[in-house]
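Listed here are the chains, written in short residue letters.
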Amino acid sequence: MCNEWIKTLEDGKKVKFTYQELPEEGAFITAQLAGNEVVYSVVLTKAGNALSREDVESHFACELSKK
């Protein structure tokens with residue numbers, strides 16, 4: 001399963017998130033700021049059950065809050 005969505009943060013920045021389930025309870029998640037070449041990506045080897053959008057977004061909260 002692969003899921004993509006765009007969220008507008010409180011400061012007006014738009015972020016594209018992706019979530020892809022991997023074999024053996026793994027997951028690949030990304031966050032990319034609109035108009036920015038930087039993509040934050042993480043491979044979770046033991047994600048367990050399917051992650052919610054909130055789970056994925058909260059994983060990148062610190063990076064995305066930086067000015």
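Residues numbered from 1 in each chain as written. Predicted model: local features only at pLDDT ≥ 70, side-chain atom pairs only at ≥ 80, totals over all residues. Heavy atoms only, no water.

Summed over the entire model, instances satisfying the criterion amount to two aromatic pairs. Ring geometry for Trp-5 versus Phe-17: centroids 5.7 Å apart, planes at 20 degrees, classification stacked. Of this pair, Trp-5 sits in strand E1 (residues 2-8) while Phe-17 sits in strand E2 (residues 14-22), and the two are twelve residues apart along the sequence. On the basis of relative accessible area, Phe-17 is assigned to the buried category, the value being 1%. Taken together, a centroid distance of 6.5 Å and an interplanar angle of 40 degrees make the contact between Phe-17 and Phe-60 tilted. Separated by 43 residues along the polypeptide, Phe-17 in strand E2 and Phe-60 in the loop between helix H1 (53-59) and helix H2 (61-65) bring together distant segments of the chain. With respect to class, Phe-17 is no different from Phe-60; both count as buried. A network of ring pairs unites the aromatic residues Trp-5, Phe-17 and Phe-60 as a single cluster. (Phe/Tyr/Trp six-rings, centres within 6.5 Å; stacked < 30°, edge-to-face > 60°. Helix = DSSP H or I, 4+ residues; strand = E, 2+ residues; numbered from the N terminus. Buried < 20%, exposed > 50% of the residue type's maximum accessible area, 1.4 Å probe, protein only.)

It is worth spelling out the sheet that holds strand E4 (residues 39-44) at this point. Read across the sheet, four strands follow the order E1-E2-E3-E4 without closing on themselves; strand pairing throughout is antiparallel. Both edges of this open sheet fall to E1 and E4, since each of them pairs with a single strand only. Strand-to-strand twist in this sheet, taken as the mean axis angle between neighbours without regard to direction, amounts to 15 degrees. Of the pairings in the sheet, the one linking E1 to E2 comprises seven bridges and is antiparallel in character. Of the residues in E2, the one forming a bridge with Cys-2 is Gln-20. (Pairing = 2+ DSSP bridges. Axes fitted to C-alpha atoms, helices over the stretch in contact; angles between N-to-C directions.)

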